[in-house]
Amino acid sequence: MKLKLTAAVLALVAAPAFAQEAPTGDAVAGEKVFAKCQTCHVVANEAGEVLAGKNSKTGPNLYGLPGRVAGTYPEFKYGESIVALGATGFAWNEADFVAYLADPAKFLKEKLDDKGAKSKMSFKLTKEEDAKNVYAFLASLSPAADAAAAPAEGEAEPASN
C-alpha cells in the first residue's frame, strides 16, 4: 500500500515536467491566423521540411515552440531581453505565448521586471482567441505532437477505411 501511494505521488509530481497541457485553441483556425505570422516566421522540422510558412527567417523557426526555453532556437540572433528571459529557465506555454503576442515589449518588461526590456518583435496579435489558435496550430506541428500521433514500437498502425 505504501509503495502504491509513493508511486502515485511521484507520478503526480513528475507529470508537469514531462508533459505540456493540451492547447485550448483550435489548430485549424490557427493555421489560418498563422498567415499573419509567416511574413517573419517559418515552422520547419529538423530535416528542414517546411511545415508552415514561407521559409522566412526574420523571426525564429517556431517548430517545437511549446515547452522550448525562450530565446534558444539555434542559429537565430535574438534580442538581449528575450535571451535574458530564457536564461531564467522560462519556457513557452500557452498563457505566456498569448500574453507575449498581445504586446511583446510589455510582456518582457513585466517578466524581467525591467522597464528597459525591448522586443525585436513589433507585431502584435491582440485577439486572445487568435493567439490561442496559433499556439494550438504550432503545438500540432511540434515534435511532441508527432510522437503522440505515432504508434508505439510493436503497435499496429491505426486501420483506415
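What counts and what doesn't
Residues numbered from 1 in each chain as written. Predicted model: local features only at pLDDT ≥ 70, side-chain atom pairs only at ≥ 80, totals over all residues. Heavy atoms only, no water. Core = buried A, V, L, I, M, F, W, Y, C linked by side-chain atoms within 4.5 Å. Buried < 20%, exposed > 50% of the residue type's maximum accessible area, 1.4 Å probe, protein only. Helix = DSSP H or I, 4+ residues; strand = E, 2+ residues; numbered from the N terminus. Contact = heavy atoms within 4.5 Å. Salt bridge = Lys/Arg side-chain N within 4 Å of Asp/Glu carboxyl O. Axes fitted to C-alpha atoms, helices over the stretch in contact; angles between N-to-C directions. Parallel < 35°, antiparallel > 145°, perpendicular 65-115°, else oblique. Left-handed = near helix turned anticlockwise from the far one by under 90°. Nonpolar A, V, L, I, M, F, W, Y, C, P; charged D, E, K, R; others polar. Arc of directions from axis to C-beta.

Asks: Tell me about the nonpolar core, and please be specific about residues and values.
Replies: Ranked by internal contacts, the top residues of the largest apolar core, which has 28 residues, are F34, V43, I82, W92, F97, V134 and L138. Here the element with the most residues in this core is helix α6 (residues 128-140); it accounts for five residues. Here V43 is in contact with F34, E49, V50, L51, A52, N61, L62, Y63, L138 and L141, once residues within four sequence places are set aside.

Asks: Pulling in residues and values, what's your account of the pattern of salt bridges?
Replies: Enumeration over the complete set of coordinates arrives at three salt bridges. Taking the shortest distance from any N to any O, the salt bridge between D96 and K111 comes out at 3.3 Å. Of the two residues, D96 is situated in helix α4 (residues 94-102) and K111 in helix α5 (residues 104-112); the sequence distance between them amounts to 15 residues. Overall, D96 belongs to the buried group, its relative accessible area being 14%. Classification of K111 as partly exposed rests on a relative accessible area of 39%. Note that K124 and D103 form a salt bridge whose closest N and O atoms lie 3.6 Å from each other. With K124 in the loop between α5 and α6 and D103 in the loop between α4 and α5, this residue pair connects regions lying 21 residues apart in the sequence. Owing to a relative accessible area of 42%, K124 belongs among the partly exposed residues under this scheme.

Asks: Go over the packing of α4 against α6 with me, naming the residues and quoting the values.
Replies: The axes of two packed helices give the description: the angle between them and the distance between them. Closest axis-to-axis distance for the α4/α6 pair is 9 Å, and the angle between their directions is 130°. The pairing of α4 with α6 is recorded here as oblique in orientation. Remark: the crossing between α4 and α6 carries right-handed chirality. In this structure, α4 contributes E94, F97, V98 and L101 to the contact, and α6 contributes E128, A131, K132, V134, Y135 and L138. Taken together, the residues of the contact of α4 with α6 sort by class into seven nonpolar, no polar and three charged.

Asks: How would you summarise the side chain of N133 if you had to cite specific residues and measurements?
Replies: In this structure, N133 sits in helix α6. If we ignore the near neighbours within four places in the chain, the residues touching N133 are G25, D26, A27, A29 and G30.

Asks: Please give an account of the packing of α4 against α5 that cites residues and values.
Replies: Relative orientation of the contacting elements α4 and α5 amounts to 125°, with a least axis distance of 5 Å. The angle between the axes of α4 and α5 places the two elements in the oblique class. When α4 is examined against α5, the residues D96, A99, Y100, L101 and A102 are found in contact with a partner set consisting of P104, F107, L108 and K111. The class makeup of the residues in the contact of α4 with α5 is seven nonpolar, no polar and two charged.

Asks: So what's going on with α5? Residues and values would help.
Replies: Think of an α-helix as 3.6 residues a turn; residues three or four steps apart then line up on the same face. The complete set of buried residues in α5 reads P104, F107 and L108. One face of α5 carries all of its buried residues, which in axial projection span an arc of 95°. Check the buried side of α5 and you find it contacts α3 (80-87) and α4. Two residues or fewer past α5, D113 is found with a positive phi of approximately 50°.

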